[in-house]
Amino acid sequence: MTARILVVDDIAPNIKLLEAKLKAEYFEVLTATDGEAALRIAKREAPDLILLDVMMPGMDGFEVCRQLRAHPKTRHLPVVMVTALTNVADRVRGLEAGADDFLSKPLNEIVLFARVRSLVRLKTLMDELRARQATAGEEWGEPSDSFEAMPAGGNILLVDANERNADRVRETLTEAGYRVMLASDIQDGLKIGLGMTELDLVIVALNVDGEDGLSLCGQLRSQENTRHVPILLTLEDFDLPRLAKGLDVGVTDYLLTPIDKNELLARTRTQMRRRRYHNQLRSVLDRNMSMAFTDGLTGIYNRRYMAAHLERKLIEIAASGKPVSVMLFDIDHFKGVNDRYGHAAGDTVLRCVAERAAAKVRNFDLVARYGGEEFAVIMPDTPEEVAWMVAERLRIAIQSEPVAAAPGVALAVTISAGV
């Protein structure tokens, strides 16, 4: 994986050292020696990740990070603070300023490159979702991922066999308004995680009573409903070499034990913000996909989707030899309904016909609005004689009961169909 990395440091030898290491891993490197230059380059070049020094003359790294997060062009750029500061309070301050991680010098190269790659992968995913959202249209607006806009609370799964650590984490998060479910072994954690419909974060210890916590991470990443849930790994200093593997299997953040309460809350907020932003993007895309492939009036599929579906069915015929029947039908004398009772009444008739048609075919048959008052039904694995029986059943069902098209107006609706 290649990416463009912006290295920001006021000390030239530090820049040269990081630049050489990054280029050896085939990253493209941009450099800046102060905060102002970093902001200009970030806005102009849109790097994939920023490695940001904290202690710089003039504008320090904390302020640079805050300004990056405040600007629309740089709001989503991953930022890793690289500094000689080792105090937990400084780490928390960096995370609250918007940094994705806070690495202390001397750098562990394995951890650094694993972190860079995991953040670049995450950025690639989010960029693709934003691009699709922009392509689909701007009527839904840009989802917010700011701390201020983020609702409080959330569901967290905590997997840790160490009672002392688990109680400390659960107490801290519960006091902050989160709902915490506790599992003391891998199998219980997997069962709870896969059984939850709304899971916002998983916190898992690297060692869970002799079991490898990374195995749980891998299993969660392999399942559709937990694939994008953030995972926060807790581990000790001497386990840092295994962190690289964790980041590769899908861990999104980590905490060193003993766990500092403020750092735990800061990292939790960051992951919650990211999770909810991702969910908002997915929701926007789902709604736009629905708009693209369903008929807005009747709620059934539109002609565009029907054509694509039929093309796939025709390809399947060649492979399987199983028949596919297509029924077309339209509403008799529909123009007269609009002319006499108005288009609102006509719309009611269209919706009612669509509902009755969908109720009288199999779950895997596709009902679509072909255009105007015309409808289509695609019936897989259905010979012609059976399709005619379905058409007759549909004709009877639609004319069997008048449609309440308007107050005091009950219309007898009939259709003509062909197979």
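Quick note: structure is the one above.
**Student:** I'd like to hear about the overall build of the chain, residue by residue, with values.
**Tutor:** Scanning the chain for helices and strands turns up 14 helices and 18 strands. Relative to the compact-globule value of 22 Å for 419 residues, the chain shows a C-alpha radius of gyration of 29 Å, a clear excess of over 25%. For the C-alpha atoms alone, the extent of the chain along its principal axes is close to 80 × 50 × 50 Å. Counting all 419 residues of the chain, 47% fall into the buried class. Intrachain contacts of the chain at a sequence separation of at least 6 include 67% that bridge at least 24 residues. Surface summary for the chain: the accessible area is close to 20,300 Å², and the carbon and sulfur share equals 52%. Treating the 52 positive side-chain charges of the chain as one cloud and the 61 negative ones as another, the clouds have centres 2 Å apart.

**Student:** Before we move on, could you go through the pattern of salt bridges and cite the residues and values that matter?
**Tutor:** Any two side chains of opposite charge can pair if their charged atoms end up close together. In this structure the tally under the stated criterion is 25 salt bridges. Where Asp100 meets Arg274, a salt bridge forms, and the shortest distance between an N and an O atom there is 2.1 Å. Placement of Asp100 in the loop between α4 (88-97) and β5 (101-104) and of Arg274 in helix α10 (residues 261-293) is noted, with a sequence separation of 174 residues between them. Here Arg274 falls in the buried class, since its relative accessible area comes to 15%. Between Asp365 and Arg362 there is a salt bridge; the shortest N-O distance is 2.8 Å. According to the relative accessible area criterion, Arg362 is partly exposed, its value standing at 33%. Taken together, the salt bridges that share partners define one network made up of Arg91, Asp101, Arg115, Asp253, Glu263 and Arg267.

**Student:** Can you explain helix α3 (residues 61-70)? Please cite residues and give values.
**Tutor:** Listing the buried residues of α3 in full gives Gly61, Phe62, Val64, Cys65, Leu68 and Arg69. When α3 is viewed along its axis, its buried side chains cluster within an angular range of 160° and face the same direction. Summarising the contacts, the buried residues of α3 are in contact with α2 (35-45), β3 (49-52), β4 (79-83), α4 and β5. Taking the backbone nitrogen of Phe62 as reference, a side-chain oxygen 3.2 Å away marks Asp60 as the first, capping residue of α3.

**Student:** Could you give me a rundown of helix α7 (residues 186-195), with the residues and numbers involved?
**Tutor:** Residues of α7 that are buried: Ile186, Gly189, Leu190 and Gly193. End-on, the buried residues of α7 take up no more than an arc of 100°, which puts them together on one face. In α7, those exposed residues whose orientation departs by more than 90 degrees from the buried face are Gln187, Lys191 and Gly195. Residues of α7 that are buried make contact with β6 (155-159), β7 (179-183), β9 (207-208), β10 (211-212) and α8 (213-222). Two to three positions downstream of the cap, the backbone nitrogen of Gln187 sits 3.2 Å from a side-chain oxygen, assigning the N-cap of α7 to Asp185.

**Student:** Break down the sheet that holds β3 for me, with residues and values.
**Tutor:** With parallel pairing, five strands are arranged side by side in an open sheet as β2-β1-β3-β4-β5. In this open sheet, the two edge strands, each paired with only one partner strand, are β2 (28-32) and β5. Here the average twist between neighbouring strands, direction ignored, is 20°. By the bridge criterion, four bridges tie strand β1 (residues 4-8) to β3 in an arrangement that is parallel. Among the inter-strand pairings, Ile5 is bridged to a residue of β3, identified as Leu49. Sitting on the sheet, α2 touches β1, β2 and β3, and the angle it makes with β2 is about 145°.

**Student:** Before we move on, could you go through the pairing of β3 and cite the residues and values that matter?
**Tutor:** Within a regular strand, the side chains alternate between the two sheet faces. Neither face of β3 is open: one carries Leu49 and Leu51, the other Ile50 and Leu52, and all of them are buried. Alignment of β3 against β4, held across three bridges, turns out to be parallel. For Ile50, the partnering residue across the bridge sits in β4 and is Val79. Following the chain from β3 across α3 to the adjacent parallel β4, one finds a crossover that is right-handed.

Thresholds applied
By convention here, each chain's residues receive numbers from 1 onward along its written sequence. A pLDDT threshold of at least 70 governs which residues receive local features in this predicted model, and a stricter bar of 80 or more applies before side-chain atom pairs are shown or counted, although totals over entire chains, interfaces and linings include all residues. Hydrogens are left out, water is left out, and the side-chain values use all remaining heavy atoms of the structure. By the criteria applied, helices consist of DSSP H or I runs no shorter than four residues and strands consist of E runs no shorter than two, each listed in order from the N terminus. Radius of gyration means the value over C-alpha atoms here, while the globule rule gives 2.2 Å times the residue count to the 0.38 power. Residue exposure (1.4 Å probe, protein chains only): buried if accessible area is under 20% of the type maximum, exposed if over 50%, otherwise partly exposed. What makes two residues a contact is simply this: any of their non-hydrogen atoms within 4.5 Å. Methods summary: accessible areas were calculated by the Shrake-Rupley approach with a probe of 1.4 Å, and residue burial reflects only the protein chains presented. Think of it this way: Lys and Arg go in the positive column, Asp and Glu in the negative one, and His and the chain ends go nowhere. Charge positions are represented by NZ for Lys, CZ for Arg, CG for Asp and CD for Glu. Any Lys or Arg side-chain nitrogen found within 4 Å of a carboxyl oxygen on Asp or Glu counts as a salt bridge. The arc in question is the one spanned by the directions pointing from the helix axis to the C-beta atoms. Polar contacts, as counted here, are pairs of nitrogen or oxygen atoms within 3.5 Å of one another; within protein the pair requires one atom able to donate a hydrogen and one able to accept it, and residues that are adjacent in sequence qualify only if both atoms are side-chain atoms. When DSSP locates at least two bridges between a pair of strands, those strands are taken to pair. To get an axis, fit a line to the C-alpha atoms, keeping to the stretch in contact for a helix; angles then go from 0 to 180 degrees between the N-to-C directions. The handedness rule is simple: strands pointing away from the viewer, and a clockwise path from the first strand over the helix to the second, make the crossover right-handed.

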